[in-house]
Protein chains: 2
Amino acid sequence: MPIYTAPTKDAQYILHDVLKVAEADIPGYADLERDFTAAVLDEAGKIAAEVLAPLNPVGDTVGCKLENGVVYTPPGFKDAFAQMKENGWPGIDMPEEFGGQGMPYVMGTAVGEFFSAANQAFTMYQGLTHGAASAILVHGTEDQKATYLPKMVACDWTGTMNLTEPHCGTDLGLMRTKAEPQADGTYKVTGQKIFISAGEHDMAENIVHLVLAKIPGGPEGIKGVSLFIVPKFLVNEDGSLGPRNGVSCGKIEEKMGIHGNATCVMNYDGATGYLLGEAHKGMRAMFTMMNEARLGVGMQGLAQAEVAFQNALAYAKDRLQGRDITGPKNPDGPADPLIVHPDIRRNLMEQKSFAEGARAFLLWGATLIDRAHRGQDADADGLVSLLTPVIKGFLTDKGFDMTVQAQQVYGGHGYIEEWGMSQFARDARIAMIYEGANGVQALDLVGRKLAQDGGKHVMAFFDLVKSTCKEAGETDGMAEFVEPLKRASKDLQAAGMYFMQEGMKNPNAALSGSYDFMHLFGHVCLGLMWVRMAETSLKALAAGTEDPVFHQTKLATARFYMARQLPMTATHLARIQSGADTVMALDAANF
Amino acid sequence: MPIYTAPTKDAQYILHDVLKVAEADIPGYADLERDFTAAVLDEAGKIAAEVLAPLNPVGDTVGCKLENGVVYTPPGFKDAFAQMKENGWPGIDMPEEFGGQGMPYVMGTAVGEFFSAANQAFTMYQGLTHGAASAILVHGTEDQKATYLPKMVACDWTGTMNLTEPHCGTDLGLMRTKAEPQADGTYKVTGQKIFISAGEHDMAENIVHLVLAKIPGGPEGIKGVSLFIVPKFLVNEDGSLGPRNGVSCGKIEEKMGIHGNATCVMNYDGATGYLLGEAHKGMRAMFTMMNEARLGVGMQGLAQAEVAFQNALAYAKDRLQGRDITGPKNPDGPADPLIVHPDIRRNLMEQKSFAEGARAFLLWGATLIDRAHRGQDADADGLVSLLTPVIKGFLTDKGFDMTVQAQQVYGGHGYIEEWGMSQFARDARIAMIYEGANGVQALDLVGRKLAQDGGKHVMAFFDLVKSTCKEAGETDGMAEFVEPLKRASKDLQAAGMYFMQEGMKNPNAALSGSYDFMHLFGHVCLGLMWVRMAETSLKALAAGTEDPVFHQTKLATARFYMARQLPMTATHLARIQSGADTVMALDAANF
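Residues numbered from 1 in each chain as written. Chains lettered and ligands numbered in written order. Predicted model: local features only at pLDDT ≥ 70, side-chain atom pairs only at ≥ 80, totals over all residues. Heavy atoms only, no water.

To keep things clear, this is the line we draw: UniProt positions are given in the numbering used here, feature names are shortened, and annotations may be inferred rather than shown by experiment.
Under an unreviewed UniProt entry, the name given to chain A is 3-methylmercaptopropionyl-CoA dehydrogenase, and the organism recorded is Roseicyclus persicicus. In UniProt, chain A has this text filed under Catalytic activity (unreviewed entry): "3-(methylsulfanyl)propanoyl-CoA + oxidized [electron-transfer flavoprotein] + H(+) = 3-(methylsulfanyl)acryloyl-CoA + reduced [electron-transfer flavoprotein]".

1. A look at the overall build of chain A
So the rule is basically this: Secondary structure elements are defined from DSSP: runs of H or I of at least 4 residues count as helices, runs of E of at least 2 residues count as strands, and each element is numbered from the N terminus. Radius of gyration: C-alpha atoms only; globule rule: 2.2 Å multiplied by the number of residues to the exponent 0.38. Note on contacts: a residue pair is in contact if any heavy atoms of the two residues lie within 4.5 Å.
Regarding its fold elements, chain A presents 19 helices and eleven strands. For chain A, the C-alpha radius of gyration of 24 Å lies close to 25 Å, the compact-globule estimate for 591 residues. Expressed as lengths along the three principal axes of its C-alpha atoms, the size of chain A is roughly 80 × 60 × 55 Å. Considering only contacts within chain A whose residues lie at least 6 apart along the sequence, 74% involve residues at least 24 apart.

2. Here's the deal with the packing of helix α11 (residues 378–409) of chain B against helix α14 (residues 452–473) of chain B
When two helices pack together, their arrangement is given by the angle between their axes and by how far apart the axes lie. Residues and elements named next belong to chain B. To keep things clear, this is the line we draw: Here an axis means a line fitted to C-alpha atoms, over the contact stretch when the element is a helix, while the angle between two N-to-C directions is reported on a 0 to 180 degree scale. An angle counts as roughly parallel when it lies under 35 degrees, as roughly antiparallel when it exceeds 145, as roughly perpendicular when it falls between 65 and 115, and as oblique in every other case. Under this grouping Gly is polar, as are all residues other than the nonpolar Ala, Val, Leu, Ile, Met, Phe, Trp, Tyr, Cys and Pro and the charged Asp, Glu, Lys and Arg.
Contact geometry for α11 and α14: axes closest at 9 Å, N-to-C directions at 85 degrees. Classed by the angle they form, the pair α11 and α14 counts as roughly perpendicular. Only Gln452, Lys456, His457, Val458 and Phe461 of α14 make contact with α11, whose side of the interface consists of Ala378, Asp379, Gly382, Leu383, Ser385, Leu386 and Leu387. When the residues that make up the contact of α11 with α14 are grouped by side-chain class, the tally is six nonpolar, four polar and two charged.

3. What about the layout of surface pockets?
Operational definition: Any residue with an atom within 4 Å of a point lines the site, the site being either a cavity, points on a 1 Å grid over the protein atoms alone where a 1.4 Å probe fits but cannot get out, or a pocket, an open set with protein on both sides within 12 Å along at least 5 of 7 lines. Grid points are joined across faces, edges and corners, and a volume is the space filled by probe spheres set on the points.
When its volume is computed, the second largest pocket comes out at roughly 1300 Å³. Lining of the second largest pocket is provided by 45 residues; of these, Glu254 and His259 of chain A together with Asp60, Thr61 and His259 of chain B occupy positions nearest its centre. Counting only elements with at least two residues in the lining of the second largest pocket, the list comes to α2 (34–62) and α11 (421–431) of chain A together with α3 (56–62), β1 (65–67), β10 (247–252) and α12 (421–431) of chain B. Grouping the constituent residues of the lining of the second largest pocket by class yields 16 nonpolar, twelve polar and 17 charged.

4. Things to note about the UniProt feature "domain: Acyl-CoA oxidase/dehydrogenase middle" (unreviewed entry) in chain A
In the numbering adopted here, UniProt assigns the feature "domain: Acyl-CoA oxidase/dehydrogenase middle" (unreviewed entry) to residues 161–269 of chain A. Secondary structure content for residues 161–269 of chain A is 0% helix and 49% strand, while the C-alpha to C-alpha distance between its ends is 17 Å.

5. Focus on the UniProt feature "domain: Acetyl-CoA dehydrogenase-like C-terminal" (unreviewed entry) in chain A
Taken from the UniProt record, the annotation "domain: Acetyl-CoA dehydrogenase-like C-terminal" (unreviewed entry) applies to residues 461–587 of chain A. Helix makes up 83% of residues 461–587 of chain A and strand 0%. Its end C-alpha atoms lie 38 Å apart.

6. Observations concerning the interface of chain B and chain A
To keep it simple, the criterion reads: Throughout, buried area stands for the accessible area (probe radius 1.4 Å) lost by two parts on being put together, summed over both. The term salt bridge refers to a side-chain nitrogen of Lys or Arg lying within 4 Å of a carboxyl oxygen of Asp or Glu. Polar contact criterion, stated in full: a pair of N or O atoms within 3.5 Å, where within protein one must be able to donate a hydrogen and the other to accept it, and residues adjacent in sequence count only if both atoms are side-chain atoms.
Of the residues lining the interface, 93 residues belong to chain B; the matching set on chain A comes to 93 residues. Both faces combined, the contact of chain B with chain A buries some 7700 Å², and carbon together with sulfur accounts for 61% of it. Taken as a group, Tyr415, Arg564 and Phe591 of chain B account for 13% of the area that chain B buries against chain A, more than any other trio of residues on that side. Inspection of the chain B/chain A interface yields four salt bridges. Of the charged contacts, one joins Asp516 of chain A and Arg564 of chain B as a salt bridge, the two residues approaching to 3.6 Å between their closest N and O atoms. Applying the counting criterion to the chain B and chain A interface returns 45 residue pairs in polar contact (both at pLDDT 80 or more). In terms of residues, the side of chain B that touches chain A owes the most to one element, helix α18 (residues 548–565) of chain B, which gives nine residues.

See below:
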C-alpha cells in the first residue's frame, strides 16, 4: 500500500521562513503564528495520512455505483467524511458567521494539499462544496446565504458546479439548458449537464447544484447565461428538507481515474431553481470563484506529484538493484539501492525540486488571494489573476509528468495497479483537463491576462522578479541562483515582447506560442520561488540555524532546479519566436 | 468507438521514396517492389482496421481471466488470432524453411506498426512468439529448431520470455530460479517468474517458455545464467503433444493498461527444460534478439501515438467549439471546429511530426537490422546497436507523451474511458518500462554503446549526418531544413565531448546526463529523418509529382519539426553540461 506523510515541515518553512505570513499586512494573518499553523498542519496531516490515504486505493478499486438513482460512494468514504466534518476541515477558511473557522485561504490551501495528496477523489466532495458555497457567499441574497451556507460550510449539504453539456465544454455560449421563469419568482430548469463531479452520492442529506442555464428570450450566446441554485431536495421555510426536486443522476462516467468521485450525468427535468446573482450574468458569478477554483486544481497537480514522489523515494531507497558505478554502497547486500544510480537521482531531484517549488508558488498565490479578498487589494487581485492560468496549467502538466516519472522508478511494478503508482498518474491526469483545459489556460494567459489593465500586472510581475533578484543578490552566495533567474526572466520578457509586436499584426502568432509561454512563465515562477528559498536558507545558515541539513538540502535542491530545469525557458522562447507559420500552414484537410 | 486507418501511403513513401528499399543492396530487398509492398501493406492495414481495432476496447474492458489455472483471453481474440495465422502474418519475416514468408525484417516492422496501433495487447501474443522463435532460430540445435520453429512461426504454439523475478528486474544477476541437470540431459527448472506477457492463454495448443535460470555450481551473478526452453506441454518424438509440464500461471496482474494481454506470474515447479545455447551464456542468447525486441517496443510507441493522433485529428475537425480568432470559419454553424484554434494545431502538429518522423526512423532502423543480419554487415550492426536504445527510449517516451496530448484534444471526453483515448495512453505507458526501462536504455546508450568499438559507431553516425546535410544541402530550398539539423547535431557532439572529457574523471558526470542525451540523440535522429523527407519531397515537387499536396504537406511538417521540436536539443545540452554535482549532491537520507 502506498505511503503518505504530510510535508508539514516544508509547509511551515514556506509559510513562516519564506512568506513570513504572521508579519504580513493582510487581515487575519496576525493569527498565523508558527505554533498555531503547526498545530493545524499537524492535525490535517494526521487525518490525511491515517484516514484519507488508506481509502485512496479503495476508492480507485471499488469506485462509485449507481443503483436505482442512488449513488453509493466507496466503502469507508462516509465515515471519513463524517470525521472530516466533525473536525471542521471543510469550513476551515469559511466565515465564522456561517459556522466556518474563518482562517485565511492560505491555510485552506496548505491543508488542502495534504487532503488532496492523500485522496484526491474523496477531497473533491468537499472541494466542490467549497466552490459552490463561495459563489453563494458572494452572489447570494441574505436569504440564500442563511438557507444554504451553514449547511454547506459544515458539508451537511454538499455542492456542485454544472457547466458542461454534451455539445458544449469550453464554449458555454452553445448551452441549451433552459430556465423558465415562474410566477413565484422561481425557475423551472430543464436540460442535461455532464461531467458533474460529486453530482450524486450518499454522504450528504442534500446536494446544492449550481447550474448554468439560459432564460428564454435573453441575449444570445454566453451573454444570456444565468446561474441557478437547484437543490436536490427543496428546502422548507424552517430549513428542513422538503420534497425531492426534479433533478437526477442518469449515469456515472467510467473514467481513467478519480474513481472514488462520482462524475455524473445530471438530468434536470423542470427542476425548481433559484436565480443566483443577476439574470444573464451567470458567467460573471461563476467566474468570481474561478481564481480560487483553478488554484485548487493547480494544488492537485502538486499534491499528486508529492505523494508519488514520496513513494518513489521510498522505493528507490529500498529496492536493491545493480551497483553504484563508483563502487558498492551496500557491499554486504546482494546489490545497492536504486538511489545510488545517477539517473534515478536525476529523476527524483526533478520530482523534489518541482514539488517544493510548486508548494511555495501555490502558497504565495494563496496569500495573493487573501491580500486581494481580505485586504481589498486590487493589485494583488490583478497579479493573482495573471498567475492563475500559470498555476493551473503549469502545475497540473508538470504534476502529471512527475507522477509518470515516479511511476517509472518502480520499473514493471509501477505498471501494476497493486503498487498504487498508476493511480497517482491516472488521478493526476484529470487536473490538466477540468476547470478549463490547459490549452484554455494558455489562451486565457496570453489572450486576456497579459494585456489586462494595460499590461499592468505582467509589468508588476517583472518588477517583482527584478526587485527580488536585486534584494536577494545582496546576500553572499546568491549569485548562482539569481543569475539563472535573470536569464529565464529575460526569456519571458522577450516572449512577451514578441507577442506584443507580432500579435498586433497576427493574433495567431501569439496564440501559437501560448502553451509554451505558459510553461516558460511557470519555470520563471518556480525559479523565483527557488531564489526566495535559497535566500531564506542561506540567511538561516549564516545565522547559525539549528537545522543546517534542512537548509543545505534546500540549497542543493535550488541548485538543481536552476541548473537542470530553468534552461527549458530558452527552448520555450525559441518555439514561441518561430511564430505561427509552421503551426498554421496546413489546411485542415491535409493534416 | 475509436477509429484507425493504417498509414499505408506514408509507409510506402518512406520505404520507396525515402529509403528506396527496392534498390538497396540488401539480400531480399530486390523483391520489395512498390506494388508488392503496397499489396502487403494494404492487406495488413485491412485486417488491422477491420479485425484487430474493433477488439481493442473489448480487450481493455473485459481483460483476461484466470480460472482454475486456465487463462481466458477477451471475447473475439481467439477468432482474430486464427485469422492472423491463416493469413500468415505472424511468420511474415521468418524463414521459409520453417513456414514463414521470408520477407525482410523491415516488412515485419512496417506491418507490425499497423497491428500494434490497432491492438497492442493482442499483437503482443504474436510479438513475443516472434522473439522466442528468433532466439531458437539463432541458438537452437537442429532438433530444437525442427521441433519448435514450424509451430511457432505459424503461431500454433506461442512463446514467452521469462527474465524478471520479484526481487530482480534489471539486475538479473540476482536471479534465483534454478535449473538442475538431469541424467538424460534435460534440466528441472524451479522458481517463480513475474511480468510474463502472454504467459498463459487459450489461443494456442502449446506455449514455449524461454526461461533464464541458474545451473547450480555455475559462476556467480549474471555470468551464471543460462537459457532454457520450457514448453507448457512436453513434445513427443513425433511432434505430438505429451504430458503437461510443471509450469503454471499463479496469477494475472492487474495493470494500468494492455488488459487484453495476460501478464502472468509463472511458477516453475521442477519443470522439464532444455538448454538453449550454451550453459552460463543465457544472457548472450537472450540479448542476441534484444535489438529487434527493443525496436519492436519503440514501434509500439509510434503505433499508439499514430492511432491516438488519428482520433484526435478527427475529433478536432468534428467538434464545434469557439470561433477562429481571425474570423469564423464555419459561419453557418454554431461554432468553428476545434482545429481552427492555434494551440490545437500546435498540439496536432507535434503529434503528426512525431509520428511521421518516428516511422521513418523506425523503418530506417529496420533496414539496418536487415543489412546487419541478411547482409552480414558489421557496420550496420554496430550502428543499429547504437541507435537501438534511442529508438526504444525516445520513441516510447515521446509516443506516450503524444497519446497524452491527443487525449487532451478531447477535453473532458478524453478522460472518459468510452472514448478510447485513455486506453491509448494507458497502453502506451508500458512501452517506457518493459524490455529495459528507459533509464536503462539511457545507461546502455551512454555507458556502453557510445564507446563501443572505440566510438566507431557514433562517429559513423556523425559522418552520416554530415554527409546527409552536405548532399541534401545541394538541393535548392534545403537550407531551412539542413541548418537546424546541423545545429542540433553540434549539440549532440558537444554532449558526447562533454561525456568523454568529464566521464573519464567522474562516470557520474556522464550518467547524470544519460537521459537527456538519449532524448537529444532522438531529436537529432528525427531531424535527420525530416531532412531526408524534405529533400525527397522537394525533389518530387521539382520533378512535377502527381501528388503535390502530399509533398507540400511533408515540407510543412518538416518545417514544424525543425522550428518547434529541434530547439529542444539546446536545453538537453545545457542540462547535460551542468554535470553531476546537482544530481549527486544529496545524501540519500536527506532527499
